[in-house]
Amino acid sequence: MYGAIADWRTYASARGNSAPADASDVLATAALTRASDYIRVRYAANLLPSYDPLTFTPTGATLPLTEEAAYIAASLELATPGFFAKTDTEAESKVLTGVGSIKWTVTGKAGTYAYMPTSSLIDALFEPYVIDRDADGFFFKSIGGQCA
């Protein structure tokens, strides 16, 4: 788990959110645990290799990046348990755009993590420090020849 319950409560209270302080330790711990799981699989796993997910603190920040993000996510999880554990279906990713011959149009952005709920604030925190799994890249490919 990233961070600590007492530190999350202090962080949230400083921003006018008393919900973590008002919540029982059981509910607060569950929310911070779920939030940490989300940050670990969505963002910490994609940090550029030069950043340690446990200790990296951006210039001017007072908390490690993953810890601050977990506190933001935990507040969302506390308000809506399971917020970041959404199950996606294809039907939710499109809208009906025609009636004759029924047409569907894909909505939103496509990509590796497009099916996951997001927080624009957490995305902004991590943006400069993560690998974009959907960015165009380059690779070398050999054409012809025989495999040895």
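See the structure printed just above.
Residues numbered from 1 in each chain as written. Predicted model: local features only at pLDDT ≥ 70, side-chain atom pairs only at ≥ 80, totals over all residues. Heavy atoms only, no water.

Brief notes about the packing of helix α1 (residues 5-14) against helix α4 (residues 65-79)
Any two packed helices are characterised by how steeply their axes cross, that is the angle between the axes, and by the distance between the axes. Here is the rule: Axis lines are fitted through C-alpha atoms, for helices just across the contact stretch, and the angle between N-to-C directions can take any value from 0 to 180 degrees. Per the convention used, a helix needs a DSSP run of H or I reaching at least four residues, while a strand needs a run of E reaching at least two, with both numbered from the N terminus. Every angle not falling under 35 degrees, over 145, or within 65 to 115 is termed oblique; those three ranges are roughly parallel, roughly antiparallel and roughly perpendicular. For this analysis, residues touch if any pair of their heavy atoms sits within 4.5 Å. For this classification, the nonpolar set comprises Ala, Val, Leu, Ile, Met, Phe, Trp, Tyr, Cys and Pro, the charged set comprises Asp, Glu, Lys and Arg, and every other residue, Gly included, is treated as polar.
Where α1 meets α4, the closest approach of the two axes is 10 Å, and the angle between their N-to-C directions is 80°. Between α1 and α4, the angle is such that the two are roughly perpendicular. Residue-level inspection shows D7, W8, Y11 and A12 of α1 in contact with α4, the latter providing E67, E68, Y71, I72, A74, S75 and L78. Of the residues belonging to the contact of α1 with α4, the class tally is seven nonpolar, one polar and three charged.

Some thoughts on the pattern of salt bridges
Selection criterion: Any carboxyl oxygen of Asp or Glu that lies within 4 Å of a side-chain nitrogen of Lys or Arg is treated as forming a salt bridge with it. Residue burial is assigned from relative accessible area. The probe radius is 1.4 Å, only protein chains are included, and a residue is buried under 20% of its type maximum, exposed over 50%, and partly exposed in between.
According to the stated counting rule, one finds three salt bridges in the structure shown. Of the charged contacts, one joins D25 and R9 as a salt bridge, the two residues approaching to 2.9 Å between their closest N and O atoms. Residue D25 is found in helix α3 (residues 25-42), and its partner R9 is found in helix α1; the two are separated by 16 residues along the sequence. Across the salt bridge formed by D37 and R40, the nearest N and O atoms sit 3.8 Å from each other. With a gap of three residues between them, D37 and R40 both fall in helix α3, about one helical turn apart. Judged by its relative accessible area of 44%, R40 is partly exposed.

A word on the packing of α3 against α4
As a reminder, the rule being used: Handedness of each helix crossing follows the sense of rotation of the near helix against the far helix: counterclockwise by less than a right angle gives left-handed, clockwise gives right-handed.
Axis separation between α3 and α4 bottoms out at 7 Å; the angle between their running directions is 125°. Between α3 and α4, the interaxial angle falls into the category oblique. Between α3 and α4 lies a crossing whose hand is right-handed. Contacts between α3 and α4 involve L27, A31, L32, R34, A35, S36 and I39 from the first element and T66, A69, A70, Y71, A73, A74, E77 and L78 from the second. Taken together, the residues of the contact of α3 with α4 break down into 11 nonpolar, two polar and two charged.

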